[in-house]
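# Residue-level structure breakdown
For reference, the chains in residue letters:
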Amino acid sequence: MSGDKPATRLVHAGRRPEWTHGVVNPPVYRASTCLFETLDAYEAASRNPDAGLYYGRRGTPTTWALAEALTEMEPGAAGTHLFPSGVAAIAAVLLAATSSGGHVLMADNVYEPTRLMAKSILAQIGVETEFYDPTNHESLPERIRGNTQAIYMESPGSLTFEVQDVPAIAALARARGILSILDNTWATPLLFPAIRHGVDLSVQSLTKYVVGHSDALMGSVTAAPDAWQNLRNTALRLGQTAAPDDCALALRGLRTLAVRMERHGKTALALAQALAAHPAVERVICPGLPGDPGHALWTRDFSGYASLFAIALKPGSREALAACVDNLRHFGMGFSFGGYESLVLPVKPMRTVTRWQTEGPMLRIHCGLEDADDLIADMKNGLDRYAG
Ligand SMILES: *Cc1c(COP(=O)(O)O)cnc(C)c1O
């Protein structure tokens, strides 16, 4: 298995005949109570509750299959815990990695709810978060303090797509006895196997590419061996578990992840390139294109492009922006990404220690599975309306 290429592993991962009795996909086990036939069996299960069925919250063959598949997609990982959303996974990983009196270094371009988690719940329990410039990791060694417990990265970053030198930051963290955490939602382990690159805790919003059809919310944390038991214990204490029907949807999505990502990536690069030349566009923010500040690192570390990029528009009125986005034929307007339908979203990135400024509005674009030519024509027409 481990010698096979990622697309092949996606097909086989997490499929154990003893969990499925020969059918291809694991049945959806809707379970709270699991019955023990004897006192002996009950006592044996209690001594080792992860050895088999114990209580629904700890998992069933449906959840095991998804968790094991995700672990197999992260070579070097010891295990994966599933969560009811990506945000729940982020909250748990931060609580697992920190304790009162601790200090966290967090990239200034993280997903907004991650920033809010740091500023609210972590602050309430006495954990200080210091944001750092994601484009300047040279400053990190001097920011590490005696009480620094974790470095939290997102690469490419939410909305603005800065690419960090994740292997270098993870190596720095490991050398200093600090946990490295990466929100790997943009790339998935398919385009960036984070644990193999030295990361201790790899977080995904499965809601996006793994589920892939905009019909379920779920999150995961995959952990390196040293970080696994503490992550698992913290998640169980928090009562975090994923619903079996959602796990079945995520498993279905996972099997086609490689073909979808290839199509998403090709279309995103074609659209980004096409829009770069449009007179309404100030600049395209897409590390997959030469000339982007993140291009060299992206080329070195990622095995493909995902579906997302952004465009900064030249200054224009709110009415012009509405004329653009209200009349698109193929791009829906809404949160999230990773589904089959293309999306557009006007965004305003939040910052604490760095500045992010564009003179005009900014649009984040998710390229779905439609034909690239149709998407290019639709978005060009939208930008023509914006330019008036
Ligand atoms: C969407 C997203 C999340 C949160 O995931 P949910 O499943 O919506 O809770 C976390 N991180 C990133 C980068 C995301 O895009």
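Please read these numbers as outputs of a predicted model, since none were measured by experiment.

Next up on the list: helix α12 (residues 257–276). The first and last C-alpha atoms of α12 sit 28 Å apart over 20 residues, in line with the 28 Å expected at 1.5 Å per residue. Looking only at α12, the buried set comprises Leu257, Ala258, Arg260, Met261, His264, Gly265, Thr267, Ala268, Leu271, Ala272, Ala274 and Leu275.

Within the UniProt annotation, "modified residue: N6-(pyridoxal phosphate)lysine" (unreviewed entry) is assigned to Lys208. Here Lys208 lies in the loop between β6 (201–205) and β7 (219–223). Discounting residues that sit within four places of it in the chain, Lys208 has contacts with Thr185, Ser336, Phe337, Gly338 and Gly339.

The next subject is the sheet that holds strand β12 (residues 362–366). On the basis of which strands lie adjacent, the open sheet formed by five strands has the order β8-β9-β12-β11-β10 and mixed pairing. Two strands close off the open sheet at either side, each with one partner strand: β8 (281–285) and β10 (332–333). Direction of pairing for β8 relative to strand β9 (residues 308–313): antiparallel, over a ladder of four bridges. What sits directly across from Ile285, in β9, is Ala310. Contacting β8, β9 and β12, α12 crosses the sheet at an angle of about 15° to β9.

Before going further, it helps to spend a moment on the packing of aromatic side chains. Taken as a whole and judged by the stated rule, the model has eight aromatic pairs. Taking 5.6 Å as the distance between ring centres and 50° as the angle between the ring planes, the aromatic pair formed by Trp19 and Trp64 counts as tilted. Remark: Trp64 occurs in helix α4 (residues 61–72) and Trp19 occurs in helix α2 (residues 17–20); sequence separation between them is 45 residues. Residue classification places Trp19 among the buried positions, given a relative accessible area of 10%. A relative accessible area of 22% means that Trp64 is categorised as partly exposed. Here the aromatic cluster, defined as three or more aromatic residues joined through ring pairs, consists of Trp186, Phe192, Trp298, Phe302 and Tyr305. Residue placement shows Arg115 over the ring face of Phe131; its charged tip is 4.7 Å from the ring centre.

Basis of the calculations
- Residues numbered from 1 in each chain as written.
- Predicted model: local features only at pLDDT ≥ 70, side-chain atom pairs only at ≥ 80, totals over all residues.
- Heavy atoms only, no water.
- Helix = DSSP H or I, 4+ residues; strand = E, 2+ residues; numbered from the N terminus.
- Expected span 1.5 Å × (residues − 1).
- Buried < 20%, exposed > 50% of the residue type's maximum accessible area, 1.4 Å probe, protein only.
- UniProt positions renumbered as here; feature names shortened; annotations may be inferred.
- Contact = heavy atoms within 4.5 Å.
- Pairing = 2+ DSSP bridges.
- Axes fitted to C-alpha atoms, helices over the stretch in contact; angles between N-to-C directions.
- Phe/Tyr/Trp six-rings, centres within 6.5 Å; stacked < 30°, edge-to-face > 60°.
- Lys NZ or Arg CZ within 6 Å of the ring centre and 35° of its normal.

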